[in-house]
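Architecture and fold: a report
Each chain is listed here by its residues.
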Amino acid sequence: MRNAFSVDVEDYFQVLAFESVIHRRDWPAYELRVRRNVDLVLELMESNGIHGTFFILAWIAEREPQMVRQIADAGHEIASHGCMHDRVTTLTPAQFAQDIRHSKSLLEDLSGQQVIGYRAPSYSINHTNQWAFPELREAGYLYSSSIFPGRHDLYGMPGAPRFPYRPLDDGLLEIPITTVEVAGRRLSCGGGGFFRLWPYPLYRRLLERVNAHDGRPAIFYMHPWEVDPEQPRISEASLRSRFRHYLNLKQVVPRLQRLLTDFSWDRMDRVFGLRG
Ligand SMILES: [Zn+2]
């Protein structure tokens, strides 16, 4: 079973956890570390012969255009993570339409690839903004991976389908982030903070359960800053946010080594047969 490997390309100062203490007008003042971290992720993937999908923030692509080309040239899929990490819940439909169109055309110009995938910042498509799906389709996207079909304090759409589905009959496919059902409860096992929180053997068992019990591919996601234990600390953030952001960063690379060898991985578009 091939699973989908994905990377949300943004930097450590752009995350939701630090939004209340880092204003986006101050982003240019922070040291950009995304390039070296993406290099490390690309090396890990190459040494394991794996391709994946990179959902890239336009703000980053504008500052690291060669990095976008480098990712594309290495055989990975380029997809959009929006422009400025605005959650869809904070945008009007008109603002969203502009966001997904600008990021798509920028990434296509830089990579030479047709961009067909989108991931909403902080999984911010839920029951309040289903209008986002027709907007995505109209802008030329073929899939979205933007729903967390469970409960979380910052996002989520409990009750949404756990596996890929078409929200409308216009052809757009939503590929929810992977969850696993244990004793009637949905747990996230798609990656991110959960990959750092749980011991690796438990994480592996949950993914195996999705593959074997549900008979479905899993979707894994990570961020470049998660392979960077030396990143500048944001001391003004709350204890809870800092706990989440900095937990077990040193373990990510060794865990990724195991994850990449224990399972078979590929790009989102290939795993779900989206390019015909
Ligand atoms: Zn993000």
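In case you missed it, the structure is sitting above this.
None of these values were measured; they are calculated from a predicted model.

The rules we used
- Residues numbered from 1 in each chain as written.
- Predicted model: local features only at pLDDT ≥ 70, side-chain atom pairs only at ≥ 80, totals over all residues.
- Heavy atoms only, no water.
- Buried < 20%, exposed > 50% of the residue type's maximum accessible area, 1.4 Å probe, protein only.
- Helix = DSSP H or I, 4+ residues; strand = E, 2+ residues; numbered from the N terminus.
- Pairing = 2+ DSSP bridges.
- Right-handed = clockwise from strand over helix to strand, strands pointing away.
- Expected span 1.5 Å × (residues − 1).
- Arc of directions from axis to C-beta.
- Contact = heavy atoms within 4.5 Å.
- Core = buried A, V, L, I, M, F, W, Y, C linked by side-chain atoms within 4.5 Å.
- Axes fitted to C-alpha atoms, helices over the stretch in contact; angles between N-to-C directions.
- Parallel < 35°, antiparallel > 145°, perpendicular 65-115°, else oblique.
- Left-handed = near helix turned anticlockwise from the far one by under 90°.
- Nonpolar A, V, L, I, M, F, W, Y, C, P; charged D, E, K, R; others polar.
- Donors = N, O, S within 2.8 Å, 3.2 Å for Na, K, Ca; no water.
- Phe/Tyr/Trp six-rings, centres within 6.5 Å; stacked < 30°, edge-to-face > 60°.
- Lys NZ or Arg CZ within 6 Å of the ring centre and 35° of its normal.

A look at the pairing of strand β2 (residues 53–56)
On β2, burial covers both faces: T53 and F55 on one face and F54 and I56 on the other are all buried. Relative to β2, strand β1 (residues 2–9) runs parallel, the two being bridged by 4 bridges. Within the sheet, the bridge partner assigned to D8 lies in β2 and is F55. Running through helix α1 (residues 34–47), the crossover from β1 to the neighbouring parallel element β2 is right-handed. Alignment of β2 against strand β3 (residues 77–80), held across 4 bridges, turns out to be parallel. Bridge pairing in β3 links T53 to E77.

What about helix α7 (residues 200–212)?
With 13 residues, α7 extends 18 Å from end C-alpha to end C-alpha; this agrees with the ideal 18 Å at 1.5 Å per step. Those residues of α7 not exposed but buried are Y200, Y203, L206, L207, V210 and N211. Along the axis of α7, the buried residues cluster in a sector spanning 140°; they form a single face. Relative to its buried face, α7 has exposed residues pointing more than 90 degrees away, namely R205 and A212. Of the surrounding secondary structure, the elements contacted by the buried residues of α7 are β1, β7 (179–182), α6 (192–197), β9 (219–222), α9 (252–262) and β10 (264–266).

A look at unusual backbone geometry
Of note, H85 is a non-glycine position whose phi angle comes to about 60°, a positive value. The residue H85 is located in the loop between β3 and α4 (93–111) in this model. Positive phi values are uncommon outside glycine, yet S122 reaches one of about 50°. Among the secondary structure elements, S122 is positioned in the loop between β4 (117–118) and α5 (132–138). With relative accessibility at 15%, the residue S122 sits in the buried group.

Here's the deal with the nonpolar core
Judged by nonpolar contacts, the single largest core of 92 residues is most densely connected at F5, F54, L256 and L259. Considering each element in turn, this core owes the most residues, 6 residues, to α1. With near-sequence residues (within four places) excluded, L256 lies in contact with F5, L44, F195, F220, M222 and V227.

A closer look at the packing of α7 against α9
For the pair α7 and α9, the least separation of the axes is 11 Å and the interaxial angle reads 30°. The orientation of α7 relative to α9 falls into the category roughly parallel. In terms of crossing hand, the pair formed by α7 and α9 is right-handed. In contact with Y200, Y203, R204 and L207 of α7, α9 contributes R255, R258, L259 and D262. Along the lines of polarity and charge, the residues of the contact of α7 with α9 split into 4 nonpolar, no polar and 4 charged.

Focus on the coordination of the zinc ion
Protein-derived ligands of the zinc ion are E10 (OE), H81 (NE2) and H85 (NE2), with the metal-ligand distances lying across 2.0 to 2.1 Å. Sequence spacing among the residues donating to the zinc ion works out to E-x70-H-x3-H. Remark: H81 occurs in the loop between β3 and α4 and E10 occurs in the loop between β1 and α1; sequence separation between them is 71 residues.

Quick notes on the environment of L173
Relative to the helices and strands, L173 is located in strand β6 (residues 173–174). Note on L173: relative accessible area 9%, which makes it buried. Aside from chain neighbours lying at most four places away, what touches L173 is L142, Y143, S144, P164, Y165, R166, F272 and L274.

As for the packing of aromatic side chains
Note on aromatic pairs: each is described by the distance of the centres and the angle between the planes. If you walk through the whole model with that rule in mind, you get 23 aromatic pairs. Seen in terms of ring centroids, F5 and F220 are 5.3 Å apart; in terms of plane orientation they differ by 25°. Their pairing is stacked. Residue F5 is found in strand β1, and its partner F220 is found in strand β9; the two are separated by 215 residues along the sequence. In this structure, F5 and F220 share a single accessibility class: buried. Aromatic side chains F5 and W265 sit 5.7 Å apart centroid to centroid with 80° between the ring planes, which places their arrangement in the edge-to-face category. Highlighted residues: F5 in strand β1 and W265 in strand β10, separated in sequence by 260 residues. Looking at F5, the relative accessible area reads 1%, which means it is buried. The buried category is assigned to W265, whose relative accessible area is 6%. An aromatic cluster is defined as three or more aromatic residues linked by ring pairs; in this entry it consists of F5, F195, Y200, Y203, F220, F263 and W265. For R63, the ring lying beneath its charged end belongs to W59, and the centroid distance is 3.8 Å.

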